[in-house]
Each structure stands twice: as C-alpha cells, then as structure tokens.
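The residues making up each chain are set out below.
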Amino acid sequence: MNERRMLLNKIKKYDFTLKELNLYLDTHPECRRALTMFQKYKELRKKAADEFTRRFGAITPEQVTSTESWTWTEDPWPWERS
C-alpha cells in the first residue's frame, strides 16, 4: 500500500473513532476519559489531515487554499488520486 493510501486510511480510522466517541459522549457527557480520548484523536486526525493536504492535496472543499479560482473540481477527487 502506498503512503498516500496509508495516510488516507489513517484519517478514516480517526474519523470513525471520533464519531464513536462523539456518540458515547452524547450519552456520557461527564466521562473525562472519553473526553480526553476525543481530544487526543481530534489532534491526531488534524495532524494527519494537514500532512495529507500538504503532500497530496485537499481532502475536503474547506481545505482548498487558492484565492484565484475554485480548484476543488479541477483536481481528481481524493479517492481517485494515486
């Protein structure tokens, strides 16, 4: 598996973990352990997404940095890039 795909898979795993922790925290809002884990995985996801964007391009439209034109639709979609 190439580095791009490995990094994208890591981001997907972080997204899944964050969603599960989000659901848990919705019903257990006072659980400090879950809140700590949520913050940890949120930071890990941010770092991985920043690295992916720097190396391979935007994952989401919000990450497009061009101020000259809307480049989101010009590039291949994140899952199409090799």
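Please read these numbers as outputs of a predicted model, since none were measured by experiment. (Residues numbered from 1 in each chain as written. Predicted model: local features only at pLDDT ≥ 70, side-chain atom pairs only at ≥ 80, totals over all residues. Heavy atoms only, no water.)

Asks: Just checking my understanding: could you explain the overall build of the protein for this structure?
Replies: When its secondary structure is counted, the protein shows two helices and zero strands. Taken over C-alpha atoms, the radius of gyration comes to 15 Å for the protein, far larger than the 12 Å a tight globule of 82 residues would show. Viewed in the frame of its principal axes, the protein has a C-alpha envelope of about 45 × 30 × 15 Å. The burial tally for the protein puts 24% of its 82 residues in the buried class. (Helix = DSSP H or I, 4+ residues; strand = E, 2+ residues; numbered from the N terminus. Rg over C-alpha atoms; globule rule 2.2 N^0.38 Å. Buried < 20%, exposed > 50% of the residue type's maximum accessible area, 1.4 Å probe, protein only.)

Asks: Just to check I follow, could you spell out the nonpolar core for this structure?
Replies: Across soluble globular proteins, nonpolar side chains have a tendency to be buried as a group. Residues L7, L8, I11, Y14, A48, A49, F52 and I59 constitute the largest nonpolar core, which totals eight residues. Counting residues per element, the ones that place at least two in this core are α1 (3-27) and α2 (32-56). Of all the elements, α1 adds the most residues to this core, at four residues. (Core = buried A, V, L, I, M, F, W, Y, C linked by side-chain atoms within 4.5 Å.)

Remember, this is a structural readout, not a statement about activity or role.
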